[in-house]
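Reading the structure
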Amino acid sequence: MAVGLRAFGAKGPGWLRRGPWAPFAASFCSQGRVPEPGPRLTSVRQRDGIRSIVLSNPKKRNALSLAMLKSLQSDILHEAESQDLKVIIISAEGPVFSSGHDLKELTDERDPQYHAEVFQTCSEIMMLIQNHPVPVIAMVNGLATAAGCQLVASCDIAVASDKSSFATPGVNIGLFCSTPGVALGRAVPRKVALEMLFTGEPISAQEALLHGLLSRVVPEEQLEEETMRIARKIASLSRPVVSLGKAAFYKQLHQDLRKAYHLASQTMVDNVALRDGQEGIKAFIQKRKPVWSH
Amino acid sequence: MAVGLRAFGAKGPGWLRRGPWAPFAASFCSQGRVPEPGPRLTSVRQRDGIRSIVLSNPKKRNALSLAMLKSLQSDILHEAESQDLKVIIISAEGPVFSSGHDLKELTDERDPQYHAEVFQTCSEIMMLIQNHPVPVIAMVNGLATAAGCQLVASCDIAVASDKSSFATPGVNIGLFCSTPGVALGRAVPRKVALEMLFTGEPISAQEALLHGLLSRVVPEEQLEEETMRIARKIASLSRPVVSLGKAAFYKQLHQDLRKAYHLASQTMVDNVALRDGQEGIKAFIQKRKPVWSH
Amino acid sequence: MAVGLRAFGAKGPGWLRRGPWAPFAASFCSQGRVPEPGPRLTSVRQRDGIRSIVLSNPKKRNALSLAMLKSLQSDILHEAESQDLKVIIISAEGPVFSSGHDLKELTDERDPQYHAEVFQTCSEIMMLIQNHPVPVIAMVNGLATAAGCQLVASCDIAVASDKSSFATPGVNIGLFCSTPGVALGRAVPRKVALEMLFTGEPISAQEALLHGLLSRVVPEEQLEEETMRIARKIASLSRPVVSLGKAAFYKQLHQDLRKAYHLASQTMVDNVALRDGQEGIKAFIQKRKPVWSH
């Protein structure tokens, strides 16, 4: 898979560039730069429609170095249009989900162009998650800070163990978590986001659930089981129906109510006309299990 | 009341078409189509300023068929401008608040125009609730799914019994709950909405309260009492003051802060100048009960 | 300080008029009107970078009369650009944090221009808090109603004792809390805001925390200690880094995701280039305490 991923990551698939809901992603992409060769910092496995991407650099607290970001981006983009892919899970090895950017890449030994590439690549990935045709689930077991917390906030669904915690501590080292604040400010109430951003202090998994950063918290020993349960459920559904719904959801979310209903009503009519739409409705009426053609 | 409602529903009152906050509703209305005659699927009662609309087709799980939607629309629109109407409560007969659209209306035995009318009529009602001059309260005792969940999410206030639950399960039958997602995505955090939409699984009343879908949860035996307490409180207030405030609230909610304060400050000045505004302030200063002229 | 404040309050500092994130504040300012002399209704103390502003008119339940609003505005604006100021705490004397506007100023004995000045000045202060270069914390110990509740909702961070409560009861006296609704509607879920606005009933500190109006609730005896702990933490950080981050956070919050990430990525690059940005990163890598130059 690795070779395919490398060749692929450079341009991104058609739906990313021309998708009706995501016309912007392309303009934000790094300009065809091919990632430098090196050890892969993520590991990937796909089975029964579920792709598991694991941040695999626990010694460096899964820091989102540029190389790690490129690995993650490739893994998310790889064969994104394949019917065999139904859902993505992002998790991590070791006690730290991710500590955010690699600070060694942000000293003035590198020029501002390099710094810009780091932040833009990271932002691209966060937008890519929303623009991706299948749901992306964060499975968190440990500490997620700065851009690591941003990654959790950017996923469609986030499940965490009760020992997990979340922080945006950049301010402590003179680097305010402004890009994490984009995702955080869209996930939790403003006051919660600002207290986290201004003080850098962590919140617990329970607080994160309370405030909307997570959709579910479970004991550590049930984390994988519960996440897989959700993933298997999604993998059992019609992929084009889920894709259509995901795209419309994000598209309408910030429109005014009239526009939003106009878009969503049209989406429903289109959905009803899909082969899987008719199959599902008829199966329900006939009290049988639907057979998706995807 | 039934006859008046039918004649009325076709066009809608002036405030809906030309109201300063709701200029859009008209363009979205179905084009003057008169609902077919048939048994009424809702029942209505109005007393002391409180209109109770009850979804009354429990055998069909109060499905929001086109006929049910038209009944509900008529009941909401009926004499909306009357001074005698202060607040609306929407509830349901039987263990299911509403199961959403009638799937038999969504097969390909009906043409896409018909499907479009179903979704547009439903969307109109959801917008109508926001644009209505009086507060609309959902009183939920049971399961609310798909467009039924959307109806709860669209009301201004929602009170539920602790045995109630809420889901957007369309994805299970190949019909993603895109229009319910419009209301849900504006009521609960994004991750909660997406987990509901992607998995179709229900959340409990307590979870719904935690996440903002409900404003209050009470034991089943207190549901009516608590809802009526809120309704009676609203019915005791000045109708034009409440109307002005409701319209301004929704109008400013998505404006930038400067515009929002400009609008709201002007609304306050207008409110102070209302007869009931001056009466209320003077009554307070004189330590007496205000007498509203409405 | 008082003299300086009075002279100062009339125009506001440059950053308020021309700041890149806050170009609008000026156009909304009252036109250079100098506050009438009179007893000061607030008291101010500044130490170690922490400015404490106390609403000090408990006999009048700390009503936000025009004079009180002007005092508060002066205290917030005073030497806002000084490097010595790192964070502001707004609290109150007595059992009522603030009861909102002084109703005696809103009768028809005053003309609509006067009413407009009251609401505009109040709105200016709420926007000023967001546009201010340093974080503003509300420390609440008691009842905050109407514009008093709006003030809490407008601060960046809000800490309250568990005996505090919050309400927007204007509707009871025929004056819907439309301007408080601007801040409330941006802090809590819509249904919570509307139930508060339509019924006028208070919510507890715990409910306020649950719904996002507060960032933290503590027992009364720990209120000052906990608030000071947060304030001291912020005061220990780099002021330009915090200012840059605060401005970018509010600026991006309502942009579409692509614009938001573009702005935030640029902010990160600028932040890395700040002297304190480089100092912080290097200190972290070198495992020493950073020394901010501000």
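Refer to the preceding data block for the structure.
Residues numbered from 1 in each chain as written. Chains lettered and ligands numbered in written order. Predicted model: local features only at pLDDT ≥ 70, side-chain atom pairs only at ≥ 80, totals over all residues. Heavy atoms only, no water.

Side note on the environment of A:Ser43
All names here are of chain A. Secondary-structure assignment places Ser43 in strand S1 (residues 42-47). Distance from Ser43 to Ile53, taken between C-alpha atoms, is 5.9 Å for residues ten residues apart in sequence. Contact partners of Ser43, with chain neighbours within four places excluded, come to Ser52, Ile53, Val54 and Ser56. (Helix = DSSP H or I, 4+ residues; strand = E, 2+ residues; numbered from the N terminus. Contact = heavy atoms within 4.5 Å.)

Points about the pairing of strand S3 (residues 87-92) of chain A
All names here are of chain A. Summarising burial for S3: five of the six residues are buried, a large majority. Two strands pair when backbone bridges link them, and strand S2 (residues 50-55) and S3 are joined in this way by six bridges, in the parallel orientation. Each bridged residue has a counterpart across the sheet, and for Val54 the counterpart in S3 is Ser91. For the handedness criterion, the β-α-β arrangement of S2, helix H4 (residues 66-77) and S3 is classed as right-handed. With three bridges joining them, S3 and strand S5 (residues 136-140) adopt parallel strand pairing. Bridge pairing in S5 links Ile90 to Ala138. (Buried < 20%, exposed > 50% of the residue type's maximum accessible area, 1.4 Å probe, protein only. Pairing = 2+ DSSP bridges. Right-handed = clockwise from strand over helix to strand, strands pointing away.)

Describing the relation of the copies chain B and chain C
Least-squares fitting of chain B to chain C yields an RMSD of 0.0 Å, with the transformation described by 0.0 Å of translation along the axis and a rotation of 120°. What we have between these two chains is a three-fold relation. Closest to the rotation axis within chain B is the C-alpha of B:Leu210, separated from it by 4.1 Å. Of all interface residues in chain B, a mere 7% are interface residues in chain C too; the two copies therefore contact each other through different surfaces. (Least-squares fit on C-alpha atoms with pLDDT ≥ 70 in both.)

Section: helix H7 (residues 178-185) of chain B
When you tally the buried positions in H7(B), you get eight out of eight residues, the bulk of the element. Those residues of H7(B) not exposed but buried are B:Ser178, B:Thr179, B:Pro180, B:Gly181, B:Val182, B:Ala183, B:Leu184 and B:Gly185.

Quick look at the pattern of salt bridges
Counting across every chain of the model gives 27 salt bridges over all chains. C:Arg229 is the partner of A:Glu201 in a salt bridge, and the nearest nitrogen-oxygen pair spans 2.8 Å. With A:Glu201 in the loop between helix H8 (190-199) and strand S9 (203-204) and C:Arg229 in helix H10 (residues 223-235), the pair connects residues from two separate chains. For A:Glu201, a relative accessible area of 18% puts it in the buried group. Assessed through its relative accessible area of 31%, C:Arg229 is described here as partly exposed. Between C:Glu226 and C:Arg229 there is a salt bridge, with the nearest N and O atoms lying 2.9 Å from each other. Taken as a pair, C:Glu226 and C:Arg229 lie in helix H10 at a separation of three residues, close to a single helical turn. On the basis of relative accessible area, C:Glu226 is assigned to the buried category, the value being 14%. Salt bridges linked by common partners bring A:Glu195, A:Glu201, C:Arg216, C:Glu226 and C:Arg229 together as one network. (Salt bridge = Lys/Arg side-chain N within 4 Å of Asp/Glu carboxyl O.)

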